[in-house]
Amino acid sequence: MTRRKLVLGNWKMNGLRADASAWASAASSLAGECSACEVGILPAFVHLDTALAAASGTRLMVGAQDLASWTNGAYTGEVSAEMLGDIGATHVLVGHSERRHLLGESDEVVATKFERALAAGLTPVLCLGETLDEREAGQTDAVVLRQLDAVALRCGAAGLARAVLAYEPVWAIGTGRTASPEQAQAVHARVRGALGNLDAMLPGLVRILYGGSVKAANAAELFAQADIDGGLIGGAALVPSEFAAICRAANQEG
Ligand code: PGA
């Protein structure tokens, strides 16, 4: 397997400038220390500049949490893929469940955002995941594969080859209720299988991160699973000692 582990810290709508500065400089030293894996942070738009300044000249990657589904123009309050690329962001989350469920983003909108990210040279981090009701109704695979298909139809295997995927069961996000390593691995394997049906080169290439209450205490077990290529970390990314322990666990797995 040549897929390098990747850990991304999703700060969500947290932190003031001083926090952003402290978290980003802690993450940049960490990225230097963890040379066997990759580390990135995803601050709110207003903190991107602060984070980019701290990351400058280090291995730390900086990305955004969202982007507009339009190109530049009269869309008050929106931020385009082109703007993100221009300031030096390299990654962008697409279809995070908080946006799908709290802000009503459809599979269509998510596919458009994914397309915009690629067009601007950004790496989209496509989030997939089922709600608790969907899991209990036995629909986990169907939901996750439907979310993947919407993007595959629009951007094809060539588009997915340039992306990172993140499986984040909605019931595990911010709840302290992590999917067990076996539960997560099972979905990751299904997603990787679906990638293989699209193109034989995708399974070896595309990283699938796990997200949902990852913390120092459970990271190593999750990252040891064959199809888990790292983590998308929310709450624990705001606690530098926790985030450091998670990145070190990924680094150990290489
Ligand atoms: P959590 O969030 O680690 O706080 O569960 C993960 C995410 O939403 O990306």
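Criteria and thresholds
Residues numbered from 1 in each chain as written. Predicted model: local features only at pLDDT ≥ 70, side-chain atom pairs only at ≥ 80, totals over all residues. Heavy atoms only, no water. Near = heavy atom within 4 Å. Polar contact = N/O pair within 3.5 Å; in protein donor to acceptor, adjacent residues only side chain to side chain. Areas by Shrake-Rupley, 256 points an atom, 1.4 Å probe, with all protein chains shown as cover. Domains from an automatic or database assignment. Contact = heavy atoms within 4.5 Å. Buried area = accessible area lost by both parts, 1.4 Å probe. Salt bridge = Lys/Arg side-chain N within 4 Å of Asp/Glu carboxyl O. Helix = DSSP H or I, 4+ residues; strand = E, 2+ residues; numbered from the N terminus. Nonpolar A, V, L, I, M, F, W, Y, C, P; charged D, E, K, R; others polar. Pairing = 2+ DSSP bridges. Axes fitted to C-alpha atoms, helices over the stretch in contact; angles between N-to-C directions.

1. So, the site of the ligand
Consideration 1: Near the ligand lie 13 residues; those nearest to it are Lys12, His96, Glu168, Gly174 and Ser213.
Consideration 2: In the environment of the ligand, an oxygen atom lies 2.7 Å from a nitrogen or oxygen atom belonging to the side chain of Lys12.
Consideration 3: Ser213 has a polar backbone atom sitting 2.7 Å from an oxygen atom of the ligand.
Consideration 4: In the complex, 95% of the free accessible area of the ligand, which totals 280 Å², lies under the protein chains.

2. With respect to the domain arrangement of the protein chain
How large an interface is tends to be reported as the accessible area lost when its parts come together.
Consideration 1: Domain boundaries in the protein chain define domain 1 (1-65) and domain 2 (139-231).
Consideration 2: Relative to domain 2, the C-alpha centre of domain 1 lies at a distance of 21 Å.
Consideration 3: Across the contact, nine residues belong to domain 1 and 16 residues belong to domain 2.
Consideration 4: Surface buried jointly by domain 1 and domain 2 totals about 910 Å² across both partners, of which 47% is contributed by carbon and sulfur atoms.
Consideration 5: Considering only the surface of domain 1 that becomes buried against domain 2, Arg3, Lys5 and Leu6 emerge as the three largest contributors, covering 66% of it.
Consideration 6: Between Arg207 and Glu38 there is a salt bridge whose closest N-O contact spans 3.3 Å.
Consideration 7: One can count 10 residue pairs in polar contact (both at pLDDT 80 or more) joining domain 1 with domain 2.
Consideration 8: No other element matches the three residues that strand E1 (residues 6-10) contributes to the side of domain 1 that touches domain 2.
Consideration 9: Residues of the side of domain 1 that touches domain 2, tallied by class, amount to three nonpolar, one polar and five charged.

3. Some details on the sheet that holds E1
Consideration 1: One closed barrel holds the eight strands; their spatial order is E1-E2-E3-E4-E5-E6-E7-E8, and the pairing between them is parallel. Neighbouring strand axes in the sheet, compared pairwise and without regard to direction, differ in orientation by 25° on average.
Consideration 2: Here E1 pairs with strand E2 (residues 38-42) via five bridges, running parallel. Its bridge partner lying in E2, Asn10 is registered against Leu42.
Consideration 3: In this fold helix H7 (residues 140-160) packs onto strand E5 (123-128) and strand E6 (164-167), with an angle of close to 160° to the strand it touches most, E5.

4. A word on unusual backbone geometry
Consideration 1: For Lys12, which is not glycine, the phi dihedral falls at a positive 55°.
Consideration 2: Position of Lys12 relative to the elements: it lies in the loop between E1 and helix H1 (17-33).
Consideration 3: Of note, Ser213 is a non-glycine position whose phi angle comes to about 55°, a positive value.
Consideration 4: Along the chain, Ser213 turns up in the loop between strand E7 (208-211) and helix H10 (216-223).

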